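Coordinate analysis (summary)
Read off the chains here:
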Amino acid sequence: MNITDKCLQAIQSSTPIQLETLNIALCKQITDEGLLTIALIPSIKILDLSHLCNITDTGLKFIAINLHQLSSLKVDGCVKATDSFLNRLSFCLSLKELSCTQCSLLSNEAIDELLENHPKIKKIIFIKKVDATL
């Protein structure tokens, strides 16, 4: 897909917006600037950011802090996501599902801490990329 940060700005600026589900997986032109724009759409409940190679913890933190109705988040393959982002998910009080496969910078300890401190989370999919070489 060829969705860019500017496309997201156009969606966000349309009034009124009651967008509840947004899937921009594989839209490789999206950056942290685009995530800041998404963070301004408070009605989002389901968000798929899988395989966005140009986003970092900075943009992911905007999402975690501002989207209070977010119940499902996918960040599979977001290789720049770190434990710092997971720590910010405590702001997502409605979050019930998180998928973060192939996020090699996330630790088991941060996942465990998230589960301990966020009782509403019912499902986490966390599989690090496996090195098949012996």
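As shown above, the structure is provided for reference.
Figured I'd write up the structure that's included with this text. Computed from a predicted model, the values in this text were never measured in an experiment.

Scoring rules and cut-offs
Residues numbered from 1 in each chain as written. Predicted model: local features only at pLDDT ≥ 70, side-chain atom pairs only at ≥ 80, totals over all residues. Heavy atoms only, no water. Helix = DSSP H or I, 4+ residues; strand = E, 2+ residues; numbered from the N terminus. Rg over C-alpha atoms; globule rule 2.2 N^0.38 Å. Buried < 20%, exposed > 50% of the residue type's maximum accessible area, 1.4 Å probe, protein only. Contact = heavy atoms within 4.5 Å. Areas by Shrake-Rupley, 256 points an atom, 1.4 Å probe, with all protein chains shown as cover. Lys, Arg positive; Asp, Glu negative; His and termini not counted. Charge placed at Lys NZ, Arg CZ, Asp CG, Glu CD. Core = buried A, V, L, I, M, F, W, Y, C linked by side-chain atoms within 4.5 Å. Pairing = 2+ DSSP bridges. Axes fitted to C-alpha atoms, helices over the stretch in contact; angles between N-to-C directions. Salt bridge = Lys/Arg side-chain N within 4 Å of Asp/Glu carboxyl O.

Let's shift gears to the overall build of the protein chain. Across its full length, the protein chain holds five helices and five strands. Moving toward the C terminus, one meets the helices and strands of the protein chain in the order α-β-α-β-α-β-α-β-α-β. Taken over C-alpha atoms, the radius of gyration comes to 14 Å for the protein chain, in line with the 14 Å a tight globule of 134 residues would show. With respect to the three principal axes, the spread of C-alpha positions in the protein chain is 50 × 35 × 20 Å. Each of the 134 residues in the protein chain was classed as buried or not, and the buried ones make up 40%. Across the protein chain, the fraction of contacts at a sequence separation of at least 24, relative to all contacts at a separation of at least 6, is 71%. Total accessible area on the protein chain is roughly 7,300 Å²; 56% of this is exposed by carbon and sulfur atoms. Taking the 13 positively charged and 14 negatively charged side chains of the protein chain as two groups, their mean positions are separated by 5 Å.

This part covers the nonpolar core. Buried together is how nonpolar side chains tend to be arranged in soluble globular proteins. With 37 residues, the main nonpolar core has Ile38, Leu47, Leu49, Leu73, Val75 and Leu89 as its most contacted residues. Where this core is concerned, the elements lending two or more residues are α2 (32–38), α3 (57–66), α4 (83–88) and α5 (108–117). Those residues in contact with Leu49 that sit more than four places away from it in its chain are Ile24, Leu35, Ile38, Ile55, Leu60, Ile63, Leu73, Lys74, Val75 and Cys78.

Moving on, we get to unusual backbone geometry. Of note, the phi angle at His51 is positive, near 60 degrees, even though the residue is not glycine. Position of His51 among the secondary structure elements: in the loop between β2 (46–48) and α3. Given the relative accessible area of 28%, His51 is considered partly exposed. A positive phi angle is found at Gln102, which is not glycine, with a value near 60 degrees. The topology assignment puts Gln102 in the loop between β4 (97–99) and α5.

Once that is clear, we can look at the sheet that holds strand β1 (residues 21–23). Pairing within the open sheet is parallel, and its five strands lie in the order β1-β2-β3-β4-β5. Every other strand in the sheet has two partners, leaving β1 and β5 (123–125) as the edge strands with one partner each. This sheet shows a mean twist of 5 degrees between the axes of neighbouring strands, independent of strand direction. Bridge analysis of β2 against strand β3 (residues 72–74) gives three bridges, and the strand direction is parallel. Opposite Leu47, over in β3, you have Leu73 as the bridge partner.

Next up on the list: the pattern of salt bridges. In the structure shown here, the tally under the stated rule is one salt bridge. We note a salt bridge from Glu20 to Lys45, for which the minimum N-O separation is 4.0 Å. Linking Glu20 in the loop between α1 (5–13) and β1 with Lys45 in the loop between α2 and β2, this pair joins segments that are 25 residues apart in sequence. Accessibility expressed as a relative area gives 41% for Glu20, which makes it partly exposed. Lys45 sits in the partly exposed class, given a relative accessible area of 31%.

Its place among the elements puts Thr82 in the loop between β3 and α4. Among the residues examined, Thr82 registers a relative accessible area of 22% and is labelled partly exposed. For the pair Thr82 and Leu22, spaced 60 residues apart in sequence, the C-alpha to C-alpha distance is 22 Å.

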